[in-house]
Amino acid sequence: MTQMQARSLAAPGRIAIPREAAGGIPVLDGSPYGTHVADAMCDPATGVRFGGLFAPLAVAQAGLTLAQTFLAVSKGGIVVGHEGVETVVGPGAAVHCAPSLDLTIRYAAGTEILVGSCEIPREAGQAGVVFIDSALPYERLTPTPKEMLVEGEPPEQRGRTPVAVGRHWRISVWSSTSYHRKTIAFPKHEAMLLLEGGAELTPSAGDPFGFGAGDMVHVPGGWVADWHTRDTIRKVSCTYNL
């Protein structure tokens, strides 16, 4: 299990995860070491893994058979192929792949991707490949209640959940006006790609951790911190409920 702290998956100068090379990747073209994977969290007990994937060179992987897998593009882009259909995913968009599919993924040079996966089996009727457009209209949500705020009025919050598998695995897009939530223990593991605005997390013991648009961040379930946004914020995220 990873150390209990929030971590940036890509941004230089923050709590960066080393870009460790992953070998043995089947490829159509380019280098077999064209993608580098860095784990923020790998929990053998639940099969949950969150991390960043970096492709400095253009590369294509073929014959991929994955678990439940979420890919959100921060930079560059990917093309996911399955049964003759190609899904193009650019910056700010995401895709979710059901397990046990025969996939091909092509990466543009300089691509950075937020990755989440878990070993939950495919449900009956679950779609194979789901494109997640973070620009689509969001539904109004019940806001964070006033008693959970440090100060001010409840924010306006909107979102939607295009993928939900079982009781634990969720892919969501979410937005909120500025607010400052009191310190709590995060109830779920979350990996998020921030699309707009900025946020600051201050742990019960430790220094504030700030991040902004384009950053990929992992927050482990059970980590104790407050949450402070000063502008409207928008994110796409993958969560595993504890």
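Look above for the structure.
Only a predicted model underlies this, so the values are computations on that prediction, with no experimental measurement involved.

Novice: So, the overall build of the chain: which residues are in play, and what are the values?
Specialist: Within the chain, the regular secondary structure consists of zero helices and 22 strands. Counting over 242 residues, the chain shows a buried share of 51%. In the chain, the share of contacts with a sequence separation of at least 24, taken over all contacts with a separation of at least 6, comes to 69%. Accessible area of the chain: about 10,700 Å², with a carbon and sulfur share of 53%.

Novice: Talk me through the sheet that holds strand β18 (residues 198–203); I want residue IDs and the actual numbers.
Specialist: Taken in spatial order, the four strands of this open sheet run β16-β21-β18-β19, and their pairing is antiparallel. Strand pairing shows two members of the sheet lacking a second neighbour, β16 (179–185) and β19 (209–212), which therefore form its edges. Strand-to-strand twist across the sheet, computed as the mean angle between neighbouring axes with direction ignored, equals 15°. Sheet topology note: the β16/strand β21 (residues 224–229) ladder contains five bridges and is antiparallel.

Novice: Before we move on, can you summarise the pattern of salt bridges with the specific residues and values?
Specialist: Taken as a whole and judged by the stated rule, the model has six salt bridges. Glu-86 serves as the salt-bridge partner of Arg-106, at 2.8 Å between the closest nitrogen and oxygen. A residue pair is termed long-range when its members are at least 10 positions apart, and Arg-106 in strand β10 (residues 103–107) and Glu-86 in strand β8 (residues 85–89) qualify at 20 residues. In this structure Arg-106 comes out as partly exposed when scored by relative accessible area, which is 35%. Glu-153 is paired through a salt bridge with Lys-146; the nearest N and O atoms lie 2.9 Å apart. On the accessibility criterion, Glu-153 (54% relative accessible area) is exposed. You can call Lys-146 partly exposed: its relative accessible area is 46%.

Novice: Quick one: what's the story with unusual backbone geometry, residue by residue and with numbers?
Specialist: Positive phi outside glycine occurs at Glu-83, with the angle close to 50°. Structurally, the position occupied by Glu-83 is in the loop between β7 (78–82) and β8. By relative accessible area, which is 70% here, Glu-83 ends up exposed.

Novice: Let's hear about the packing of aromatic side chains: which residues, and what values?
Specialist: If you walk through the whole model with that rule in mind, you get five aromatic pairs. Ring geometry for Trp-174 versus Trp-227: centroids 6.4 Å apart, planes at 75°, classification edge-to-face. Here the residue Trp-174 occupies a position in strand β15 (residues 169–176), and Trp-227 occupies one in strand β21, the gap between them amounting to 53 residues. Ring pairs connect the aromatic residues Trp-174, Phe-209, Phe-211 and Trp-227, which therefore count as one cluster. Between the NZ or CZ atom of Arg-181 and the centre of the ring of Phe-186, over which it lies, the distance is 5.0 Å. Here the basic side chain of Lys-235 rests over the ring of Trp-174, its NZ or CZ set 4.8 Å away from the ring centre.

Novice: Could you give an account of the nonpolar core, with specific residues and numbers?
Specialist: Side chains of nonpolar character tend, in soluble globular proteins, to be buried together. Core analysis: the biggest nonpolar cluster contains 25 residues, and Phe-70, Ile-132, Trp-169 and Val-236 have the highest contact counts within it. Beyond its immediate stretch of four places on either side in the chain, Val-236 contacts Phe-70, Ala-72, Ala-94, Ile-132, Ser-172, Val-173, Ala-191, Met-192, Leu-193 and Leu-195. By size, the runner-up hydrophobic cluster in this structure holds 19 residues, among which are Val-73, Val-80, Val-95 and Val-115.

Quick notes on the rules
- Residues numbered from 1 in each chain as written.
- Predicted model: local features only at pLDDT ≥ 70, side-chain atom pairs only at ≥ 80, totals over all residues.
- Heavy atoms only, no water.
- Helix = DSSP H or I, 4+ residues; strand = E, 2+ residues; numbered from the N terminus.
- Buried < 20%, exposed > 50% of the residue type's maximum accessible area, 1.4 Å probe, protein only.
- Contact = heavy atoms within 4.5 Å.
- Areas by Shrake-Rupley, 256 points an atom, 1.4 Å probe, with all protein chains shown as cover.
- Pairing = 2+ DSSP bridges.
- Axes fitted to C-alpha atoms, helices over the stretch in contact; angles between N-to-C directions.
- Salt bridge = Lys/Arg side-chain N within 4 Å of Asp/Glu carboxyl O.
- Phe/Tyr/Trp six-rings, centres within 6.5 Å; stacked < 30°, edge-to-face > 60°.
- Lys NZ or Arg CZ within 6 Å of the ring centre and 35° of its normal.
- Core = buried A, V, L, I, M, F, W, Y, C linked by side-chain atoms within 4.5 Å.

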